[in-house]
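# Analysis of the macromolecular model
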Amino acid sequence: MKQKTIIGVVVLAAIVILALLWNTLRPFGPVSPDTTPSGTQPTTAAGSLPIPTVLEDLDSSSETARYSLTAQPGRMVFLAGKTTPTMGYNGSYLGPVLKVRRGETIRIGFRNELAEATSVHWHGLEIPGTVDGGPHQPIAAGGTWEPVFTIDQPASTLWFHPHVMGTTATQVYAGLAGLILVEDDNSRSLGLPDDYGVNDIPLIVQDRSFNTNGTFRYEDNMMDGAIGDYLMVNGALNPYLEVQPIRMRLRLVNGANASNYRFNLADGRSFVQIASDGGLLEEPVEMKELFLSPGERAEIIIDFSGYQSGQSVDFRTGQDGFMTFRIKGEATDSTRIPEILSSIEPLNEADVTATKTIRLDGMGHMVSLNGRQFDMDRIDDDVKLGDTEIWEITASRQMMMGSSGHPFHIHGTQFQILSRNGRTPPANERGWKDTVFVGTGETVRLIVRFRFAGLYMYHCHILEHEEAGMMGQLEVHP
Ligand code: C2O
Ligand code: CU
Ligand code: CU
């Protein structure tokens, strides 16, 4: 009898240790089951927020980094008792964080263990076209790729995702997306919250639908692409994050295929945006609601010092909560938000060699860019290396019903917004951007400099629009 008990305890302990090990080895923390009938956002917190792990640099030198990244099929339990087939990088869903420094040269050993071709595009990185990871660099099932590039841009929150012809949208929907955090001397000197996983947390927000058997339901025939029933953050449904009453830096990524998000705190408190897609703004911008369209990122700081331990507040898009902050404990905070975050030299309009117009038309699968659909064998624009151009992007209002607008993105560069509908852009759009939302009927003028040579895409970041042909390609000639 006694022996049996001891064996039982040993077996139990082994199981617990194995389970703990398993969870620390996965790129994401445990996703607790939650019971929800399909169609409504769960109202009870499912578990604590999974935080993507920082990928280990396999190179000991401080000037270079080497990473190993694998796209692989996976399985997740998002809904109680149901398994969802997924795709992830180095894990089942989403991927690890590449934390890099300006000036560092990065070598990626990429392996495709999926049963289909993929590619890895570094969204927001200013790098040569040959390593951009667009549709011209597909990696066959079982294949490998080893791009090498140098980080040559300010501290920022960038991301990577597939960009292969015909399956970008479904692969992203299945879970393929990861983050790149660039640091530089300026970002580290400011005293901002920058302790990753402690007071510096990424939030990759997406929406997904499920079939009753737990598989993802990918519906791309809606007006504006694939919109899901459930909001997910870092691959979890309605998680909570325990925070001390201190300043928390949140790196928001709209990783949705098609949905726009309007981030706000349920109690209406304000927060501060410190960075846009391509880096820190010059000055912090206080706001109560932050709009991000697919592909866009923003870094914000929420100061929880105004809350008492034991309080909680929901983080939402519009009226829909997708996670809860639970304030806990007491703390002193040594971080700060300086009045000047960075200095951004405006691109000079006197240097402009060409002004181009881009017209985004249509909705659903009936979309076009300047009246035509993407053709991989056609180069739409030629640019000389180092040239500065003005691009005028319009989203036409031509049908009875149309898309609400298009997030316009250019590869391999960061741009500045000159005007939105003829007016100075809002304060939080005055920093570096690589994706800009152009609402129906709107015109956005941007100025862009092409610092690297090669073939690049520009497109609507509603992935279903991109797949349906709302994409062009430009070649930057040396
Ligand atoms: Cu997020 Cu063509 O990119
Ligand atoms: Cu991109
Ligand atoms: Cu679009």
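Residues numbered from 1 in each chain as written. Chains lettered and ligands numbered in written order. Predicted model: local features only at pLDDT ≥ 70, side-chain atom pairs only at ≥ 80, totals over all residues. Heavy atoms only, no water.

### Examining the overall build of the chain
Within the chain, the regular secondary structure consists of 4 helices and 31 strands. A buried classification covers 55% of the 478 residues belonging to the chain. Put simply, of all contacts in the chain between residues at least 6 apart along the chain, 75% involve residues at least 24 apart. Of the roughly 19,500 Å² of accessible surface on the chain, a fraction of 51% belongs to carbon and sulfur atoms. (Helix = DSSP H or I, 4+ residues; strand = E, 2+ residues; numbered from the N terminus. Buried < 20%, exposed > 50% of the residue type's maximum accessible area, 1.4 Å probe, protein only. Contact = heavy atoms within 4.5 Å. Areas by Shrake-Rupley, 256 points an atom, 1.4 Å probe, with all protein chains shown as cover.)

### Here we look at the layout of surface pockets
To locate leftover empty space, one rolls a probe as large as a water molecule over the atoms. By volume, the largest pocket amounts to about 500 Å³. R102, P154, I344, E345 and W432 are, among the 24 residues lining the largest pocket, the residues nearest its centre. A per-class count over the lining of the largest pocket returns 7 nonpolar, 9 polar and 8 charged. (1 Å grid on protein atoms, 1.4 Å probe; cavity = no way out; pocket = protein on both sides within 12 Å on 5 of 7 lines; lining within 4 Å. Points joined across faces, edges and corners; volume = space filled by probe spheres on them. Nonpolar A, V, L, I, M, F, W, Y, C, P; charged D, E, K, R; others polar.)

### Topic: empty space enclosed by the protein
Applying the stated criterion across every chain, the model contains 4 cavities of 30 Å³ or more. Volume-wise, the largest cavity comes out at about 80 Å³. Lining the largest cavity we find A155, S156, V182, E183, S187, R188, D194, R249, R251, L280 and E299. For the lining of the largest cavity, the secondary structure elements donating two or more residues are strand 9 (178-183), helix 3 (185-189) and strand 14 (247-254). Classifying every residue of the lining of the largest cavity by side-chain character gives 3 nonpolar, 2 polar and 6 charged. If you trace the second largest cavity, you find it lined by G129, D132, G134, P135, H136, Q137, L455, Y456 and M457. Residues that form the lining of the second largest cavity fall into these classes: 4 nonpolar, 4 polar and 1 charged.

### Here we look at the coordination of the copper ion (ligand 2)
Binding of the copper ion (ligand 2) to the protein goes through H121 (NE2) and H409 (NE2), at separations of 1.9 Å. Residue H121 is located in strand 5 (residues 121-123), and its partner H409 is located in strand 26 (residues 405-410); the two are separated by 288 residues in the primary sequence. Using a relative accessible area of 0% as the deciding quantity, one classes H121 as buried. Under the relative-accessibility criterion, H409 is labelled buried at 0%. (Donors = N, O, S within 2.8 Å, 3.2 Å for Na, K, Ca; no water.)

### A closer look at unusual backbone geometry
Keep in mind that most residues, glycine aside, have a negative phi and that most peptide bonds are trans. Notably, L94 is not glycine yet its phi reads approximately 55°, a positive angle. Following the sequence through the fold, L94 ends up in the loop between strand 2 (84-89) and strand 3 (97-101). One non-glycine residue, N370, lies in the positive phi region at around 50°. Looking at the element boundaries, N370 is found in the loop between strand 23 (366-369) and strand 24 (381-384).

### Some remarks on the pattern of salt bridges
A side chain of one charge can pair with a side chain of the opposite charge when the charged atoms of the two come close. Inspection of the entire model under this criterion finds 30 salt bridges. The salt bridge partner of K433 is E296, with a shortest N-O separation of 2.6 Å. Of this pair, K433 sits in the loop between strand 27 (415-420) and strand 28 (435-439) while E296 sits in the loop between strand 18 (290-292) and strand 19 (297-303); the two residues are 137 residues apart in sequence, bridging distant segments of the chain. For the pair K433 and E296, a shared accessibility class is recorded, and that class is buried. Ionic pairing is found between D361 and R359, a salt bridge with its closest N-O pair at 3.1 Å. Several salt bridges converge on common partners, so that one network encompasses D277, E296, R297, K433 and D434. (Salt bridge = Lys/Arg side-chain N within 4 Å of Asp/Glu carboxyl O.)

### Section: the confidence of the model for the chain
Regions with low pLDDT should not have their predicted coordinates read in detail. Averaged over every residue, the pLDDT of the chain is 91; residues scoring 70 or more account for 89%. Low pLDDT (under 50) marks residues 15-45, which in the prediction has 52 contacts with non-local residues, meaning those over four places away or in another chain. (pLDDT = per-residue confidence, 0-100.)

### Observations concerning the nonpolar core
Core analysis: the biggest nonpolar cluster contains 33 residues, and L203, F315 and F325 have the highest contact counts within it. Here the element with the most residues in this core is strand 21 (residues 320-327); it accounts for 4 residues. (Core = buried A, V, L, I, M, F, W, Y, C linked by side-chain atoms within 4.5 Å.)

### Quick notes on the sheet that holds strand 16 (residues 271-276)
Read from one edge of the open sheet, 7 strands run 12-11-10-14-19-16-17, paired in mixed fashion. Bordering the open sheet on either side are strand 12 (236-237) and strand 17 (279-287), each of which pairs with just one other strand. Inspection of the sheet shows strand 14 paired to strand 19 by 7 bridges, in the antiparallel sense. Bridge pairing in strand 19 links V253 to R297. (Pairing = 2+ DSSP bridges.)

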